[in-house]
Amino acid sequence: MRTNLDRRHFLGLAGLGAGAAALAACGGPSTAGTTDAVDTAAIDFSGVKPAASIDFWTNHPGKSQDVEKAIIEKFHAKFPEIKVNLVTAGANYEEIAQKFQTSQAAKTGLPGLVVLSDVWWFRYYSNGSIIPIDGLVKQLDIKIDDFQKSLVDDYKYEDKQWALPYGRSTPLFYYNKDHFKAAGLPDRAPATWQEFAEWAPKLKATSGAQYAYIYPALAGYAGWTLQNNLWGWGGSWSKDWDITCDSAQSVAALQWAQDSIYKDGWAGVSSKEAADDFAAGITSSTISSTGSLLGVLKAAKFNVGVGFLPGGPEAPSGVCPTGGAGLGIPSGITKEEQLAAATFLKFMTEPENTAAFSAATGYMPTRLSADMSAVLAATPQIKTAMDQLAATRVQDNARVFLPGADQEMAKSAAKILTQQGDVQATMTELKKTLEGIYTKDVKPKLKA
């Protein structure tokens, strides 16, 4: 399945959206009937006056509606000539995508600015649904160099910038400090899953919780968080464009996960939201987004600990994917609306506002110059996520570039983890499905 595509075009693509209220199965709309990607050279904003009003479509990642409203009010005070209407366009990224596609097909009701996640932005690019913002970055003097490089580079393709980072996160290992102490365990996250397997029986015996660990809800998290397990065992969903979910290493990782539930009996699978299960004391530990952090700290009646994701037998470190949402500008609106949207985009991602967004949600600050001192004083756990950024890995192509792949991964994970299906057979079938998606929906659009 290799192509002549230069992998360097995909500069550190790594983002899923997260937050307790942000995730859902990311199957998504069809990519059929696409148009060519917009050419930067064709967009000229000289002499354009910003529109008087635009809509901002968001799903309020990390339960961010209040802070989004506050930032918009500040924007109106500074730019009274541009009105930004905050629109709840869906409960998750998939619902926004469906609404966005419907509006594009109807050629009406499009937003000025739209939230998009790691599994959406590339298909928006390939459909010609969003514009490259390089000209606007230059015209409005947006300080690209002040953004966290790995986060802003997530939205680069063909040497063009297609979005800016917004609610950005990593998964974190959450643990109940009280349970760990009662079990005589160290006050830290396990270094590897093998170490946690040694701890789990002690937790199960002493904590009173139903589980020592609970896997995140598969519908929204499987494709994202299971990369941690796959990478730790030396496996992956894919290597470049080669689908490797059925490799011996990948199968071993998922077999271990299945055994932790059915053979060893110390793990479970969340039915809806692992962070809520953890905060309720149902489990002693879990993995969830940094976007869940503030909600967990508020809801939990115990001491909450957070740490880096555990490694595995082949890769003890560097096994954490980044994630989160970006902000893009549609191609099907007027230049006046695009310029107004870019003006708001610049304001929304200013250092002061990214710090405020981080303080309200737990997401990572996207700007290097953001003053996080007050945020970290109030919520020091956020620093763990910031520190883990240096140990993150680019997500697998199969997850972030194949339309609907995340949903297929979730279905396969459900067969393995909730139905005790045969791991090898399930992964072999998934490989066939993912290769079909690649051949039909992605390969024809790749530039050699």
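Residues numbered from 1 in each chain as written. Predicted model: local features only at pLDDT ≥ 70, side-chain atom pairs only at ≥ 80, totals over all residues. Heavy atoms only, no water.

Asker: I would appreciate a short explanation of the overall build of the protein chain in the present structure.
Answerer: Within the protein chain, the secondary structure is distributed over 18 helices and 16 strands. Counting all 448 residues of the protein chain, 60% fall into the buried class. Across the protein chain, every contact between residues at least 6 apart in sequence was considered, and the portion connecting residues at least 24 apart equals 79%. Accessible surface computed for the protein chain: about 16,700 Å², of which carbon and sulfur atoms make up 50%. (Helix = DSSP H or I, 4+ residues; strand = E, 2+ residues; numbered from the N terminus. Buried < 20%, exposed > 50% of the residue type's maximum accessible area, 1.4 Å probe, protein only. Contact = heavy atoms within 4.5 Å. Areas by Shrake-Rupley, 256 points an atom, 1.4 Å probe, with all protein chains shown as cover.)

Asker: Would you explain the sheet that holds strand S3 (residues 113–117) in this entry?
Answerer: Adjacent strands of a sheet pair through backbone hydrogen bonds, lying either parallel or antiparallel. What the five strands build is an open sheet, ordered S2-S1-S3-S15-S6; its pairing is mixed. The strands lining the two open edges of the sheet, one partner per strand, are strand S2 (83–88) and strand S6 (164–169). Strand after strand, the sheet turns through a mean of 25° between neighbouring axes, direction not considered. With two bridges connecting them, strand S1 (residues 53–58) and S3 associate as parallel partners. Note that in S3 the partner of tryptophan 57 across the bridge is valine 114. Along the sheet, helix H1 (residues 65–78) contacts S1, S2 and S6; its crossing angle with S2, the most-contacted strand, is approximately 170°. Helix H2 (residues 93–106) rests against S1, S3 and strand S15 (323–328) of the sheet, and its axis sits at about 130° to S3. (Pairing = 2+ DSSP bridges. Axes fitted to C-alpha atoms, helices over the stretch in contact; angles between N-to-C directions.)

Asker: I would appreciate a short explanation of the domain arrangement of the protein chain in the present structure.
Answerer: Size of an interface, as often reported, equals the accessible area lost when the parts are brought together. Assigned domains of the protein chain: these are domain 1 (53–168 + 323–370) and domain 2 (171–321 + 400–445). Once you take the C-alpha centre of each, domain 1 and domain 2 turn out to be 29 Å apart. Between domain 1 and domain 2, the contact holds 15 residues from the first and 14 residues from the second. Together, the buried faces of domain 1 and domain 2 total about 1,100 Å²; carbon and sulfur atoms form 58% of this surface. Here domain 1 is connected to domain 2 by zero salt bridges. Here domain 1 is connected to domain 2 by zero residue pairs in polar contact (both at pLDDT 80 or more). (Domains from an automatic or database assignment. Buried area = accessible area lost by both parts, 1.4 Å probe. Salt bridge = Lys/Arg side-chain N within 4 Å of Asp/Glu carboxyl O. Polar contact = N/O pair within 3.5 Å; in protein donor to acceptor, adjacent residues only side chain to side chain.)

Asker: What am I meant to see in H2 here?
Answerer: Side chains of residues three or four places apart in an α-helix project in the same direction, reflecting 3.6 residues per turn. Between its first and last C-alpha atoms H2 spans 20 Å; for 14 residues at 1.5 Å apiece the expected length is 20 Å, and the two agree. Every buried residue of H2 is accounted for by Tyr93, Glu94, Ile96, Ala97, Phe100 and Ser103. Capping the start of H2 is the job of one residue whose side-chain oxygen sits 3.2 Å from the backbone nitrogen of glutamate 94: asparagine 92. Of the residues one or two after H2, lysine 107 is the one with positive phi, at around 55°. (Expected span 1.5 Å × (residues − 1).)

Asker: Just to check I follow, could you spell out unusual backbone geometry for this structure?
Answerer: For residues that are not glycine, phi is negative in most cases, and the peptide bond is trans in most cases. Within the chain, lysine 107 stands out as a residue other than glycine whose phi angle is a positive 55°. Within the secondary structure, lysine 107 sits in the loop between H2 and S3. Although it is not a glycine, aspartate 159 sits at a positive phi angle of roughly 60°. In this fold, aspartate 159 is placed in the loop between strand S4 (156–157) and strand S5 (160–161).

Asker: Explanation requested: the packing of helix H9 (residues 248–262) against helix H18 (residues 423–442) in the structure shown.
Answerer: In a packed pair of helices, the relevant descriptors are the angle between the two axes and the axis-to-axis distance. The geometry of H9 relative to H18 is characterised by a closest axis approach of 10 Å and an angle of 130° between their N-to-C directions. The orientation of H9 with respect to H18, classified from their angle, is oblique. When the axes of H9 and H18 are compared, the crossing they make is right-handed. Here H9 contributes Val251, Leu254, Gln255 and Gln258 to the contact with H18, which in turn contributes Val423, Gln424 and Met427. (Parallel < 35°, antiparallel > 145°, perpendicular 65-115°, else oblique. Left-handed = near helix turned anticlockwise from the far one by under 90°.)

Asker: Before we go on, may I ask you to explain H18 in this structure?
Answerer: The terminal C-alpha atoms of H18, which comprises 20 residues, lie 27 Å apart, in line with the 28 Å expected from a rise of 1.5 Å per residue. Where H18 is concerned, the buried positions are Val423, Thr426, Met427, Leu430, Leu434, Ile437, Tyr438, Asp441 and Val442. Take H18 and look down its axis: the buried residues cluster within an arc of 110°, on one side only. Among the exposed residues of H18, those oriented more than 90 degrees off its buried face are Lys432 and Lys440. On its buried face, H18 is in contact with strand S10 (242–243), H9, helix H16 (397–401) and helix H17 (405–417). The distance from a side-chain oxygen at the start of H18 to the backbone nitrogen of glutamine 424 is 3.3 Å, and the residue carrying that oxygen is aspartate 422. (Arc of directions from axis to C-beta.)

Asker: What is the right way to read the pattern of salt bridges from this model?
Answerer: Between side chains of opposite charge, a pair can form when the charged atoms approach closely. As enumerated under the stated definition, the model contains 14 salt bridges in all. Two residues, lysine 143 and aspartate 141, come together in a salt bridge whose shortest N-O distance is 2.9 Å. Taking the shortest distance from any N to any O, the salt bridge between arginine 188 and glutamate 195 comes out at 2.8 Å. Among the residues examined, arginine 188 registers a relative accessible area of 34% and is labelled partly exposed. For glutamate 195, a relative accessible area of 18% gives the class buried. Through salt bridges with shared partners, a single network forms among Asp118, Arg399 and Asp406.

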